[in-house]
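What the coordinates show
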Amino acid sequence: MSTNFQPPVSINEQKTLFPKIDQGSSVELGSITKSDALRDLRLRMSLLLQTTLDTERLVRIVYEEICKAVEVHGINYRYPGMQISIMVGRQNQHKVTYRLTANEDTYGEIVFCRSRRFKEEELMVLESLLDLFIYPLKNSLQYRRALACALTDSLTGVGNRQALMKTLQRELDLADRHSLELSILMIDIDNFKAINDDHGHLTGDTVLKKAAQNIVNVIRSSDMCFRFGGEEFVVILSNTGVEQAQVIGKRINESISEGIEAGIHKNPITVSIGAALLQTGMDIEKLLQSADDAMYIAKATGKNKTIIAKELVS
Ligand SMILES: Nc1nc2c(ncn2[C@@H]2O[C@H](COP(=O)(O)OP(=O)(O)OP(=O)(O)O)[C@@H](O)[C@H]2O)c(=O)[nH]1
């Protein structure tokens, strides 16, 4: 379908699904097809889209503004490359999908849904308004990418310390508000200095990457792993008691001692882990300290094990 967009923006209808033909349904566009009304709406929407870099908020603005012009029951913006899928409103049987492109770059696709098929003149209005979405969307995606980079440890690919602190505070607030259990694991690679000293820092870096991968492979996708610093990692286990956390810790112990190339080093790579449960009145620092203390007990009593923080051991 050709569009009335000016280059370099192009929004191409990729696929139109009309499973049922709605003969006789009429579409009342009212005054919106009049150029003045459409121009006013475009101006308003354009200003609103400049007020935020948040992708969810942008999609909501598009939905709310487009609904003033065309009956739409739901929109779904998705960008699998960045694992984004945002649904506003509800799904419905008639859909029209636009791939969002500018200067040959693609920024995902947007699907408009409703219970009856879209008319040609409605699609023209949709396209005219959608045109305004591309550049705010592009900025928002760039911002998202920059945020993700700033919160990722570049060596291991897991979250960095800043991400840990932000996420832990959020999880702590949620656990407090909903009276949920929250446990963490403090994980430290054993004898890591010797790995560096015997095999060099590049090998040390490889061990760090493999350790992070092993941890991520063993935990659930809802659990979160972060590099705390040096050879230390923290896993946040939401809605999890400390006994269950210890089970997960032991699984990590096994996975790393069996899973990381023993040939790298004369002894198998192992980790010592402290498990701590959020207790009433604890802040982030106290929770981390509690897990750290337990991790040091694991080190002091033979390494390659998971110990529960002492506040819980009678
Ligand atoms: N290769 C590499 N080494 C790092 C990195 N960050 C910290 N280290 C090293 O990690 C080592 C940590 O050594 P120690 O704190 O003595 O701990 P350890 O040898 O693991 O001893 P235990 O904790 O008692 O088992 C130091 O040699 C640091 O230089 C990194 O990003 N890459």
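Parameters at a glance
- Residues numbered from 1 in each chain as written.
- Predicted model: local features only at pLDDT ≥ 70, side-chain atom pairs only at ≥ 80, totals over all residues.
- UniProt positions renumbered as here; feature names shortened; annotations may be inferred.
- Near = placed C-beta within 6 Å.
- Helix = DSSP H or I, 4+ residues; strand = E, 2+ residues; numbered from the N terminus.
- Nonpolar A, V, L, I, M, F, W, Y, C, P; charged D, E, K, R; others polar.
- Expected span 1.5 Å × (residues − 1).
- Buried ≥ 20, exposed ≤ 12 C-beta atoms within 10 Å, placed from the backbone.
- Arc of directions from axis to C-beta.
- Contact = placed C-beta atoms within 7 Å.
- pLDDT = per-residue confidence, 0-100.
- Axes fitted to C-alpha atoms, helices over the stretch in contact; angles between N-to-C directions.
- Left-handed = near helix turned anticlockwise from the far one by under 90°.

The protein has the name diguanylate cyclase in an unreviewed UniProt entry, where Gynuella sunshinyii YC6258 is given as its organism. What UniProt records for the protein under Cofactor (unreviewed entry) is the sentence "Mg(2+)". Checking UniProt for the protein, the heading Catalytic activity (unreviewed entry) contains the comment "2 GTP = 3',3'-c-di-GMP + 2 diphosphate".

Let us look at the site of the ligand. Close to the ligand lie 16 residues, the nearest being Phe192, Lys193, His201, Gly204 and Gly230. Of all the secondary structure elements, the ones that give two or more residues to the shell around the ligand are β6 (182–189), α6 (192–199) and α7 (201–218). Its residues assigned to classes, the shell around the ligand comprises five nonpolar, five polar and six charged.

Attention now moves to helix α9 (residues 284–300). For α9, built from 17 residues, the straight-helix expectation of 24 Å at 1.5 Å per residue is met to within 8% by its first-to-last C-alpha distance of 24 Å. Of the residues making up α9, those classed as buried are Leu287, Leu288, Ser290, Ala291, Ala294, Met295 and Ala298. The arc enclosing the buried residues of α9, seen along the axis, measures out at 155°, which places them on a common side. Residues of α9 that are exposed and point over 90 degrees away from its buried face: Glu285 and Ala300. At its buried positions, α9 is contacted by β6, β9 (271–277) and β10 (306–308). Positive backbone phi, at 120°, marks Gly302, one or two positions downstream of α9.

Turning next to the confidence of the model for the protein. In this model, the protein carries an average pLDDT of 87, and 86% of its residues clear a pLDDT of 70 or more. Below pLDDT 50 for its whole length, residues 1–31 participates in 47 contacts with residues either more than four positions away or in separate chains. In the predicted complex, the global pTM is 0.70; the interface-specific ipTM is 0.90.

What follows concerns the environment of Leu49. Along the chain, Leu49 turns up in helix α1 (residues 35–49). Taking the C-alpha atoms as reference, Leu49 lies 8.7 Å from Leu137; in sequence the two are 88 residues apart. The residues touching Leu49, leaving out its near neighbours within four places in the chain, are Leu58, Ile61, Leu132, Phe133 and Pro136.

To continue, consider the packing of α1 against helix α3 (residues 120–130). Two quantities define a packed helix pair, namely the angle between the axes and the distance from one axis to the other. One can describe the packing of α1 onto α3 by two numbers: an axis separation of 10 Å at closest approach and a directional angle of 35°. Classified by chirality, the crossing of α3 by α1 is right-handed. Seen from α1, the contacting residues are Leu38, Leu41, Arg42 and Met45; seen from α3, they are Val125, Ser128 and Leu129.

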